[in-house]
Amino acid sequence: ENAHEKIDEINTRIDAIEAFPLEQGEAVGSLQQSIVEDGETKGSTAHGKYSVALNKDNHAYQRSSFAVGGGNQVGMTEEEFNAKYPEGKDSVGSTYEESDSFAFVGGQQNKVPAKGAAIPGGYLNVVDGDYSVVLTGHRNTVSARYASILGGTLNNVEVSSDASTILSGIYN
């Protein structure tokens, strides 16, 4: 009788896993999460190859990008890429379709268009400096390369401040 209960428990867990609404994203090897509410498909979109977008209203642009949380963007849209690189190729000579993001975003309404950058948590933060990070906080911005903000609110590492760090606080 105990074995039958365990089998029923395992089958219930398997059914829950199969019900998790994951599907192939817009590009090869990408994974996104969607849900149908009131007849309308909502959720997150993986636009780039080998990218992942999970949870609510996240967008993973460019190749090799990862978004989780709510209302986040990782990687650049094609328009943002063309504005940053008017010649049509990034710093390593890749076109938009060939370019990799290698970036991660979590939290809520954060934006990481920079290459190799990350925001693991927080709210309304932006990292547009390559290889930079905001760990958490609110309305922090890192525009410099190789720079970081560990926490706080309304902090800013400007373009001219490569390899700088703000530990925490307000209005630094």
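Definitions and cut-offs
- Residues numbered from 1 in each chain as written.
- Predicted model: local features only at pLDDT ≥ 70, side-chain atom pairs only at ≥ 80, totals over all residues.
- Heavy atoms only, no water.
- Core = buried A, V, L, I, M, F, W, Y, C linked by side-chain atoms within 4.5 Å.
- Buried < 20%, exposed > 50% of the residue type's maximum accessible area, 1.4 Å probe, protein only.
- Contact = heavy atoms within 4.5 Å.
- Helix = DSSP H or I, 4+ residues; strand = E, 2+ residues; numbered from the N terminus.
- Salt bridge = Lys/Arg side-chain N within 4 Å of Asp/Glu carboxyl O.
- Phe/Tyr/Trp six-rings, centres within 6.5 Å; stacked < 30°, edge-to-face > 60°.

As a further point, take the nonpolar core. By size, the foremost hydrophobic cluster in this structure holds 19 residues, and its most contacted members are V74, V112, V127, V142 and V157. If we ignore the near neighbours within four places in the chain, the residues touching V127 are K111, V112, P113, A114, A117, A118, I119, S132, V133, V134 and V142.

You can see F81 is positioned in helix 2 (residues 78-84). Given a relative accessible area of 0%, F81 falls into the buried group. Linking F81 and V134, residues 53 residues apart in sequence, is a C-alpha distance of 21 Å.

Proximity of charged atoms lets side chains of opposite charge pair with each other. Per the counting criterion, the structure on display carries 5 salt bridges. Its salt-bridge partner being D130, residue K84 comes within 3.7 Å of it at the nearest N-O pair. Taken together, the positions of K84 in helix 2 and D130 in the loop between strand 12 (126-127) and strand 13 (133-134) put the pair 46 residues apart, joining distant regions of the chain. Given the relative accessible area of 37%, K84 is considered partly exposed. Residues D162 and R145 are paired through a salt bridge, measuring 2.8 Å at the closest nitrogen-oxygen approach. Here R145 lies in the loop between strand 14 (141-142) and strand 15 (148-149) and D162 lies in the loop between strand 16 (156-157) and strand 17 (165-166), a separation of 17 residues in the sequence.

The description of two aromatic rings rests on the distance between their centres and on the angle between their planes. Under the definition given, this model contains 4 aromatic pairs. Ring geometry for F81 against Y96: centres 5.5 Å apart, planes inclined by 65 degrees, an arrangement best described as edge-to-face. Here Y96 lies in the loop between helix 2 and strand 9 (100-105) and F81 lies in helix 2, a separation of 15 residues in the sequence. The pair formed by F81 and Y96 is uniform in burial state, with each residue classed as buried. Between Y131 and Y146 the ring centres are 5.8 Å apart and the planes differ by 10 degrees, which places this aromatic pair in the stacked class. With Y131 in the loop between strand 12 and strand 13 and Y146 in the loop between strand 14 and strand 15, the pair connects residues that are 15 residues apart, well separated along the chain. Given a relative accessible area of 43%, Y131 falls into the partly exposed group. Three or more aromatic residues joined by ring pairs make a cluster, and in this case those are F81, Y85 and Y96.

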